[in-house]
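A structural walkthrough
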Amino acid sequence: QDKKIFMLQGPYPVIRRLLRARGWVERKVPGAGRAGGQPRQEEGGGGGDAVRSSAVRSGVQPPESLCSMWLLEEEEEEEEEEQEDEEDPEGIHDLMSRLVRDQVPYFIWTNRCNAIKGHVLRPDQVVNHYAQAGSFTTKEGLCLTLRNLPWFDQADPDTFFPRCYRLGAADERQAFIEDFRLTAARSLLKVALERAQDAHAGPDPSPESGEAAGAPRCASIPSPPSPCAKGPRQGTVPHPSPCAPPLQRARGPPCPPSCEGAGLPLSGAQREQGQILLQRLAGRLPQLHMEGDRNVWILKPGAASRGRGIVCAARLDEVLRLAGGAAPAAREGRWVVQKYVERPLLIFGTKFDVRQWFLVTDWNPLTVWFYRESYLRFCSRPFSLRRLDAAVHLCNQAVQRHCRLGGARHPRLPPDNTWSCRQLQAYLAQRGQAGAWGEVMVPGMKAAVVRALRCSQGLVRGRKGSFELYGADFIFGEDFQPWLLEINASPTMAGSTAVTSRLCAGVQRDTLRVIVDRRDDPDCPTGAFELIYKQ
């Protein structure tokens, strides 16, 4: 009568414990949901229509039908197995679950978006997913959706989302090739001006000592790769001779020993023209600073997760080869390539990203809650663009747990590669940047989240009574500005470290406060969630 029956699919012991404490009873997912001959329901398929029409005629839906309509077959995922119910030693909760096995669950929490068939749910059922959210929770979806931002907001997506292309689409593939070559040209200009400035500031070497004096500089300041050069194996950045013209570096022999280390000679007028050109470019290209001077790009499967299949590359032919090149069978949108943030904010010389949660409780009007707690994920080895290894560049915990910590790693970095945002704030305060988190980083993340959601509002199938918790991944530039990398549906709630154990439990607790407790008491506390946008 109180409609306090819930159903879980996936490893969510915290949700189970908190709902039981509120007086809810769990209806267990039947182990033989489709063993009785019920077909798996596909959206819009005839089987689903037949089951629904039968249910309407009879007025009663058997539990097997309910399960088959709500819960699809489990996919293989790298999630931890659901823990045994250790909080029910006397079997009381199990007995109560048996008593409600034929009842409708009014709160459903699953670990996959496609586990819910929203069009067969009753209006009074609460579900933790929205349908068709791939417009912003897949890499290719976010790539496409954010291009529509100017229709919704007076903002440029290039100010917070690294430029991105779908290599399976012929027009976008060509646009990427042109972008790659222009970026290589800008990289050469940056390096030439930097070396010219260093040479102008330092003593003029004598002809006899020029080679010796120039060699260390050539070794310490890496050159950007040519846009078409043939070079080393995958995962490394080539080091062409800096004094050769771009086409000679691409096709010709190496420079003679007499010119090694000579740099890229520029006259005073050329330096001035180059600086003016960079200033003009900076006014038109928001990503000019973060793109660095190595022309590194990151290649990602369009709909994969947990860092699977992600590769960094600095050579055009390598990117196209990894993505299937010009093969006509390549499926559009299968791969996306995105500009790598070459000048990230580092902590003790190591790259990190931030997992930031947010909650959507309605799509019409769009209602967004932002979680005030988040956590950092560090790479296992110090940052360097000389080698593009996963241990150096991919912060995903599913990747880093297979990497060994580097020998040159700073001793103050955590062995488990995680920090809380409070530890980050303390670190920034020690470095005299106490205001960066609250004044730049958090406002930038909030703005990026809201903009991505506004672009997706007409694409997601909103449903009253549904909600969804998302996990956005951000990296920060040297100026503390956030760059949105991706948004994840069903972010992991597995507490693999002390930091994530505490924060994942907290975000689940506060989600129930917003979704369950506020229905009876709109003024109840919402924990660390704050309402940041309501249309």
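First, a word on what this report is: a plain description of the structure on this page. (Residues numbered from 1 in each chain as written. Predicted model: local features only at pLDDT ≥ 70, side-chain atom pairs only at ≥ 80, totals over all residues. Heavy atoms only, no water.)

**Here we look at the sheet that holds strand β8 (residues 335-339)**
With respect to topology, 4 strands assemble into an open sheet ordered β5-β8-β6-β7, the strand pairing being antiparallel. Each edge of the open sheet carries a strand with a single partner, namely β5 (164-166) and β7 (311-313). On average, each strand axis in the sheet is inclined to that of its neighbour by 25 degrees, with strand direction left out of account. (Pairing = 2+ DSSP bridges. Helix = DSSP H or I, 4+ residues; strand = E, 2+ residues; numbered from the N terminus. Axes fitted to C-alpha atoms, helices over the stretch in contact; angles between N-to-C directions.)

**A few points about the nonpolar core**
Of all hydrophobic cores here, the largest spans 78 residues; its most connected members are Phe107, Ile347 and Leu484. Ranked by the residues each element gives to this core, the list is headed by helix α15 (residues 436-456), at 10 residues. Here this core gathers at least three residues from each of two domains, domain 1 (1-28 + 90-128) and domain 2 (135-161 + 344-534). (Core = buried A, V, L, I, M, F, W, Y, C linked by side-chain atoms within 4.5 Å. Buried < 20%, exposed > 50% of the residue type's maximum accessible area, 1.4 Å probe, protein only. Domains from an automatic or database assignment.)

**Describing the packing of aromatic side chains**
If you walk through the whole model with that rule in mind, you get 22 aromatic pairs. Aromatic pair Phe352 and Phe378: ring centres 5.9 Å apart, planes at 45 degrees, arrangement tilted. Here the residue Phe352 occupies a position in strand β10 (residues 350-363), and Phe378 occupies one in strand β11 (residues 366-378), the gap between them amounting to 26 residues. With respect to burial, Phe352 and Phe378 carry one shared label: buried. Measuring from ring centre to ring centre gives 6.0 Å for Trp419 and Tyr427, while their planes differ by 55 degrees; the resulting arrangement is tilted. Accessibility classification places Trp419 together with Tyr427 in one group, the buried group. In this structure, Lys339 packs its charged tip against the face of Trp297, placed 5.8 Å from the ring centre. (Phe/Tyr/Trp six-rings, centres within 6.5 Å; stacked < 30°, edge-to-face > 60°. Lys NZ or Arg CZ within 6 Å of the ring centre and 35° of its normal.)

**Concerning unusual backbone geometry**
Asn364 connects to Pro365 through a cis peptide bond whose omega is 5 degrees. Within the fold, Pro365 resides in the loop between β10 and β11. One non-glycine residue, Gln132, adopts positive backbone phi at about 60 degrees. Following the sequence through the fold, Gln132 ends up in the loop between β4 (126-127) and α5 (134-137). In this model, Asn295 sits at a positive phi of 55 degrees, which is unusual for a non-glycine residue. Within the secondary structure, Asn295 is located in the loop between α10 (268-284) and β6 (297-301). Residue Asn295 is classed as buried on the basis of its relative accessible area of 0%.

**Re the sheet that holds β4**
Hydrogen bonding along the main chain pairs the strands of a sheet, whether they run parallel or antiparallel. With respect to topology, 4 strands assemble into an open sheet ordered β2-β1-β3-β4, the strand pairing being parallel. Lying at the two open borders of the sheet, with one neighbouring strand each, are β2 (25-26) and β4. Across the sheet, helix α1 (residues 13-21) is in contact with β1 (5-9), β2 and β3 (107-110); its angle to β1 comes to roughly 175 degrees. (Contact = heavy atoms within 4.5 Å.)

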